[in-house]
Structure formats: structure tokens, C-alpha cells
Amino acid sequence: MLSPSTNYRTPEELAADPAFIRWVQDPTPATDAHWQRWLEADALRLVLEQQARQLVGLLQFQSVSLDLANRRGLEAKLRQKMVEIALPTVGSALEAPVLPLRPRTAPGWMAYIAAASVMAVLLTGFWFWQHRTIAPDRTYTTAYGQTQRIELPDQSIVTLNANSRLRLVENWTNNATREVWLDGEAFFDIRKKPGTKAAQFTVHSGRVHVGVLGTTFNVTQRRGTTQVVLSTGSVRLEGLPTGTQFMTPGDRVVYRETAGLPDDRRVERSRVNPANYMAWQQREWVLDNTSLEEIATMLNDQFGLMVLVNPPLSERRLSGRMSIESPDVFLENLSTILGVSIRRTATNQILIQPQ
Amino acid sequence: MQPTKVDDTDGQNTFRDGDDEALLRLYRQHLSALYNYGYNLARDRSLVEDAIQDVFLYLYQHRDGVETAQNVRAYLMQSLRHRILHLLKSRSASQELTEANAFLVDTTQEPAWVRDEADAERSRRLKHLLNQLPKRQREALYLIYFGQLSYVEAAQIMQVDVKSVYNLVYKALTTIRQTTGVTDWLLVSAGLGLFAESFQKNFS
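None of the values given here were measured: they were computed from a predicted structure. Within each chain, residue numbers correspond to sequence positions counted from 1 in written order. As they are written, the chains are lettered A onward and the ligands numbered 1 onward, keeping that order. Confidence filtering applies because this is a predicted model: local features only for residues at pLDDT of at least 70, side-chain atom pairs given and counted only at 80 or more, and all residues used for totals across whole chains, interfaces and linings. Remark: hydrogens and water are excluded; side-chain values derive from all non-hydrogen atoms of the structure.

Student: Would you mind showing me how to read the overall build of chain A here?
Tutor: By definition, any uninterrupted DSSP run of H or I lasting at least four residues is a helix, any uninterrupted run of E lasting at least two residues is a strand, and each is numbered from the N terminus. A count of helical and extended segments in chain A gives 10 helices and 18 strands. Every residue pair with non-hydrogen atoms within 4.5 Å of one another is taken to be in contact. The contacts of chain A with a sequence gap of at least 6 include a subset with a gap of at least 24, amounting to 49%. With residues, only the protein chains shown are counted as cover, and all accessible areas are computed by Shrake-Rupley using a 1.4 Å probe. Split by element, the accessible area of chain A, about 17300 Å² in all, is 52% carbon and sulfur.

As C-alpha cells, this is what we get:
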């Protein structure tokens, strides 16, 4: 950090200073205070600052974003190639460098690299052509109202809740790492793989990656929000804007992908009774001061029901254990407990209104 | 060939031999920065995707020989740059076209200082001018201002010394400011006003 007495002779000097750039692009109370002191030391600095600020402001570049599907696809491709390389049948690793490992180049060295790179591309292509062992993806899907118990190749158990999808690449025997991709909700009971260093199990859920060794936990990924509730063991969450987080039993971490929310507000951490979040496996919901509005969303996720709540009722709240064996019975109970009218319209929507 | 070690700055993701997950973590962590840099360099998504994969596969294949610690992000970007330039050449992409399209400032966004139509017009004019600057100047600007890299990192990526990167940035900024003409005068007069004010304060 610069001392407040720093003198810049030109706006360019100021605009090229990384500390100034960060301040203009992303001010914090600390940098505000620093530069305020700098400005106050000499009235003419304001002119310098304005010109430099204009220059920095102009330097906006196009940013391209990768959506989740793309990201996953690319990573799966890379992983696939890594597996192919790691297979014991590989002869010698490709020796041709694709990257410069030395900063300065002697004359002729570039030509060597270029030729070698071409060779590398050819060899790689030929080698992959020879070793086409493409492991098939395996996807499990559940319909509305349905749950499914899945035994993974390592004997870990996944219970997939309704309206959810679990995908895995089926070559866990060659690969020390185990990973699955989840949309929806699932409970994981992961067996510890003995003896292997890299035996981490990873659940990719939205932008959040849950890394575990052996543990039980629940992951929900719906409507751009990922929730992880840990029951036993420990897990490591990656991909959060606030950095990697470790969870202990009873921790609940929620991550919202909502645009426009500051990073630190997207991640919410609390202590809960994990059993309440896993009750769906016994076909029950444990409601805890849950609003009708939230219940409507849950019914939509679980059963695909379109539930419309009359606005004055949307903030009515409910606590307790309720069976979700059948959506009709659930709605009937809801109607009795809250004293509201629930009916199905001709277009198969559920209307919840005051009686 | 000198061996190279890739070691993450936060110390959490150390990439060692056999630790596939660590490499993939490195991949996830830097994908966005690499993808953006690559795209701004080549304007070809599939080429960039191939090049990124090549970079990580190369690291994966040479995980046993990697030794000297460096800045990971800069190393990855340097490698990607090298790979992309090579792929562009081998696909005999038009060099002029690639150069003209690389590292363009985004003319659809408006800087925060734009207050009225006159400001907006000025911003458009200056951005247009920025996009006419030599490609190396634009690349240095991209790395420092968009990539938020240090001059040392930018120098490593561009394979020049730190002073050269600074000069590229400085030169670009000077070119832009010299054409700001009118506003310069406004600012200067504002500055004189301030000067007069401080003069009065101090001497009256």
C-alpha cells in the first residue's frame, strides 16, 4: 500500500497503479479512507484523480461466462482424458512439451517447441484413437412423488428424493476419485474407501462441490439454491464465493445463486437438527415455522403440484411433522390444521384460500 | 528442460503427483479466468476449450517432473497463451483478423463516470480509440485492469520484463488521454479553480 504522501506526476501514473485500480473498481472502507487521506493532502490531486478515474473506467473488457452444463461437460471431458492417461496400459507419457517451461528462448528453440507440439497433437490424437474406452454416463431420475434408493459402485447409498436427478461416470474402478452430479435432493451415506489417499467422494451440486471421505448428509439443489445439511462425519464445501468451508454434524449451509446479491449474503450458515432435513426418506416433512408460501414451493418440487396461495395466507406458518405419503392426504391435513379451504381447479391447480 | 512445480498460493490446493483431485480443484479455481483470457485472445470458444484441456493434461502428464514453485495463475495463463497462439497458427487462422479482434474493450458497457449523453459519446469515442491500439498494449491493459493481475504476473504471461508491461500500459493511457482534448481543458480549469481556492485559503 502506498503512503498518503505519494506523488504522481501524471494521471497516467496514477491510473496505472494497481492500488488505485482496485480502489476505483472495487472500493472498500479501508481503501476509501486511504485515498481520501491522499486526496486531502493536496487540492490539485482531485484533478489527477478524476482524470485517472476516467481512464480506469474505460477499461472494461468483455467477460464470457460458462454456464453450469458447459462447466460440467468440460470438466467431465478433462477427467475422462486424465483417466485415459492414467490407465496402466499407457506406454510412455508424451514427452513433447506443449508449454514453455523456460522463460527466455534461445534461437531455434521456438521452432523445436512448435514441431514438438505438432507431434504431441498427432501422437495424442492417435493414442486417444487407439484407447477409446469411453466410460458411459449413468443417470438416475425420479418422477414427482417418487424416491429411489441407489447403490453406488463403492457400496455407498444414495436416496434420491422426488423430481431429482443423479449422474455419475461409470468407471470408478479405474479412478480413485468418486463423484456424482445432483439436481434436486438426495441423502448420501458414503462409505469410506479404505487405504486410498485420493478416495474423496464429491457431490457437484450447482456451483457447490461437496467433498467427503465417509459420512452422511443431505443435499438439496433446487431453483438456484443449494443446501447441504450434515448428519455425521465431516465434509468440505468448495465453489462458494466466500471460499472453502468445512462442516461438522448439525451444520446447515445454504448457497443462493441469485444475481445481484453480494457474495457474503449468498452464503448462509446455521445450526440445525439434521434429522428434520432428512425426514423425507421416511416420507415425512418436519416443518419448523414454515410459511404456506414455502410449503407451496416444496409441494411443487416434490409432487409437481401448482399451488396458488391467496396472498393474505402466504405468511401463515406451521410447525410439526406431516406425512407426505400422499399429496391428497397432505393437503387434507393442511386444510384441517390451518382452517383454510383447499380445492383443485379444472386446470389442476391447487387453490388455498381463507374459508 | 527445467522442471516446474505448480503450487497454489493459498497453500490449500497443492498439486502433487497422483492427486487428481488437486489438479481438478486447480482447474475449477482458475477455469473462469483462463476461459476469459483465452476467449479475449482468440475469440473462439471451442479452440479455447481445447487449449485449456491441453494445458491441464500436460500438467497431469508431467506431474512427476514439476518442481520449481511459481505463481500458479500466471503460469497457467502463460501456458494457455502459448498453447492458443500455437493452435491458431496450426489452424492457419488469419493473423491480422485475430490481432484485430483480440482484447477489445467492451463498447456496450458504460463506465461509471458517464452522467449524460455527452459523457456517453465521449466514452464511445475513447473506447473505439482503445480498440485501435496495438494488440500488445490492449493485452497488457486486459491483464492489469480486467484480470487484476500484478505487473509481475502480466510480465510472466506476456514473456517480457516488468518494465515493458508498465510501458505498454502507460503508452496506451497517454494515447487515450491526449485525445480527450475538450474535457482536459474543463478539468484543468476546474483544477485552476481549486488551486485558486487553496491559494486564497493559504494566503489571505
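Past the structure itself, the notes keep going.
Student: Which parts of the structure should I look at to understand the side chain of R45 of chain A?
Tutor: Residues and elements named next belong to chain A. Tracing the chain through its elements places R45 in helix α4 (residues 45–58). Although R45 is buried, it makes no salt bridge; D42 carries the closest opposite charge, 4.7 Å away. A distance of 3.1 Å separates a polar atom in the side chain of R45 from a polar atom in the side chain of N7. Partly exposed describes any residue whose relative accessible area lies between the buried limit of under 20% and the exposed limit of over 50%, with all areas from a 1.4 Å probe on protein chains only and scaled to the type maximum. Positive charges come from Lys and Arg, negative ones from Asp and Glu, while His and the chain ends are left out of the count. Think of a salt bridge as a Lys or Arg side-chain nitrogen and an Asp or Glu carboxyl oxygen that are within 4 Å of each other. Identification of polar contacts relies on pairs of N or O atoms within 3.5 Å, with a donor-acceptor requirement for protein atoms, meaning one able to donate a hydrogen and the other able to accept it, and with residues adjacent in sequence counted only if both atoms are side-chain atoms.

Student: In this structure, what is going on with the packing of aromatic side chains? I would like to understand it.
Tutor: Two aromatic rings from Phe, Tyr or Trp, using only the six-membered ring of Trp, form a pair when their centres are within 6.5 Å; if the ring planes differ by under 30 degrees the pair is stacked, by over 60 it is edge-to-face, and anything between is tilted. Within the structure shown, the criterion is met by 18 aromatic pairs over all chains. When the ring of F61 of chain A is compared with that of Y142 of chain B, the centres are 5.2 Å apart and the planes differ by 85°; the resulting orientation is edge-to-face. Residue F61 of chain A is located in the loop between α4 and α5 (68–86), and its partner Y142 of chain B is located in helix α6 (residues 135–146); the two belong to separate chains. Of the two residues examined, F61 of chain A and Y142 of chain B, each falls in the buried class. Seen in terms of ring centroids, Y37 of chain B and Y142 of chain B are 6.0 Å apart; in terms of plane orientation they differ by 35°. Their pairing is tilted. Here the residue Y37 of chain B occupies a position in helix α1 (residues 20–42), and Y142 of chain B occupies one in helix α6, the gap between them amounting to 105 residues. Y37 of chain B gets classed as buried once you look at its relative accessible area, which sits at 0%. Classification of Y142 of chain B by relative accessible area gives buried; the value is 1%. One aromatic cluster is present, formed by Y8, F20, W23, W35 and W38 of chain A through successive ring pairs.

Student: Please clarify how the sheet that holds strand β18 (residues 349–354) of chain A should be interpreted in this entry.
Tutor: Whenever strands of a sheet pair, they do so through backbone hydrogen bonds, lying parallel or antiparallel. Residues and elements named next belong to chain A. Pairing is mixed across the open sheet formed by three strands, whose spatial order is β15-β18-β17. What marks the edges here is a single partner per strand, and that holds for β15 (306–309) and β17 (340–344). Taking each pair of neighbouring strands and ignoring which way they run, the sheet shows an average axis angle of 20°. When β17 meets β18, the two strands line up antiparallel, connected through five bridges. Among the inter-strand pairings, V340 is bridged to a residue of β18, identified as P354. Where helices are involved, their axes are fitted lines through C-alpha atoms of the stretch in contact, as for all axes, and angles between N-to-C directions lie from 0 to 180°. In the packing of helix α9 (residues 292–303) onto the sheet, contacts are made with β15 and β18, and the angle to β15 comes to roughly 170°. Sitting on the sheet, helix α10 (residues 327–338) touches β17 and β18, and the angle it makes with β17 is about 155°. In this analysis, strands are considered paired if DSSP registers two or more bridges between them.

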